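Close look at the chain arrangement
Below are the chains, spelled out letter by letter.
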Amino acid sequence: PVVLACSHVGADSVDDVDLLAEQLHALGAAAAERGLVVAFEALAWGRHVNRVGQAWEAVRRADHPAVTVAVDTFHMLARGDDGAALAGVPGDRIGFLQVADGPLLDMDVLEWSRHHRCFPGQGTLDVAGVVGATLAAGYRGPVSLEVFSDVVREADPAVTARDGYRSLVFLED
């Protein structure tokens, strides 16, 4: 019942949070008619919205119950945010939680994201801190592992499933 909507990355996008909020409100109205919720995600390489605080501001301004913010640990941590960036975001306004870790690399964030994400606990990012802040805000929805890695693409699916399970146990601990 949750549809992810990501921030725009194209050169022709417009830097206007009021327009974005208006469009998110309209999208929320259409989603609500279908029993859906929209979770707006700030891509770390988004042109104008690339931090969770910017996404939250747009969601707050959209002022529609079917428009929420998506929390993605990789996007947040890649931009230098931590769990404190979620201060003031109520748990019921968080629509989805995606988790991934990664080694700390100094490279293009899109390339980093597409080729070096790993399961929580396998990298050096403070995934547990962001997940903890999300849960402390009151979020009680699904947790999605979002791992993009050349290593995982080549691995046996059974091994990947075990690694994913272990990473969720790591987060729980």
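Just so it is clear, the model here is predicted, and its values are computed rather than measured. (Residues numbered from 1 in each chain as written. Predicted model: local features only at pLDDT ≥ 70, side-chain atom pairs only at ≥ 80, totals over all residues. Heavy atoms only, no water.)

**Quick word on the packing of aromatic side chains**
Summed over the entire model, instances satisfying the criterion amount to 1 aromatic pair. Consider the rings of phenylalanine 74 and tryptophan 112, whose centres lie 5.0 Å apart with planes at 70°: the pair is edge-to-face. Of the two residues, phenylalanine 74 is situated in helix H3 (residues 73-78) and tryptophan 112 in helix H4 (residues 109-116); the sequence distance between them amounts to 38 residues. With a relative accessible area of 0%, phenylalanine 74 lands in the buried category. (Phe/Tyr/Trp six-rings, centres within 6.5 Å; stacked < 30°, edge-to-face > 60°. Helix = DSSP H or I, 4+ residues; strand = E, 2+ residues; numbered from the N terminus. Buried < 20%, exposed > 50% of the residue type's maximum accessible area, 1.4 Å probe, protein only.)

**Side note on the sheet that holds strand S2 (residues 37-41)**
Taken in spatial order, the 5 strands make up an open sheet running S1-S2-S3-S4-S5, and their pairing is parallel. The open sheet has two edge strands with one neighbour each: strand S1 (2-6) and strand S5 (143-145). Direction aside, the axes of adjacent strands within the sheet are offset by 30° on average. Summarising the sheet, strand S3 (residues 67-72) and strand S4 (residues 94-99) pair through 4 bridges and their orientation is parallel. Paired with aspartate 72 across the strands is glutamine 98, a residue of S4. (Pairing = 2+ DSSP bridges. Axes fitted to C-alpha atoms, helices over the stretch in contact; angles between N-to-C directions.)

**Observations regarding unusual backbone geometry**
For residues besides glycine, phi is generally negative; the peptide bonds are generally trans as well. At aspartate 63, a residue that is not glycine, the phi angle is positive and equals roughly 50°. Tracing the backbone through its elements, the reader meets aspartate 63 in the loop between helix H2 (52-62) and S3.

**Focus: the pattern of salt bridges**
Evaluation of the coordinates by the stated rule reveals 9 salt bridges. A salt bridge links glutamate 33 to arginine 34; its shortest N-O distance comes to 3.8 Å. Side by side, glutamate 33 and arginine 34 carry an identical accessibility label, which is exposed. Residues joined by salt bridges that share partners form a network here, namely Asp18, Glu57, Arg60 and Arg61. (Salt bridge = Lys/Arg side-chain N within 4 Å of Asp/Glu carboxyl O.)

**Here's the deal with the nonpolar core**
Ranked by size, the top nonpolar core spans 39 residues in total, and within it Leu24, Phe40, Val69, Val71, Leu86 and Val127 carry the most contacts. Looking at this core, the elements that each hand over two or more residues are helix H1 (17-33), S2, H2, S3, H3, S4, H4 and helix H5 (127-136). At 6 residues, H2 tops the list of elements feeding residues into this core. Those residues within four positions of leucine 86 in sequence are excluded, and the remaining contacts are Val52, Val71, Met76, Val130, Ala133 and Thr134. (Core = buried A, V, L, I, M, F, W, Y, C linked by side-chain atoms within 4.5 Å. Contact = heavy atoms within 4.5 Å.)

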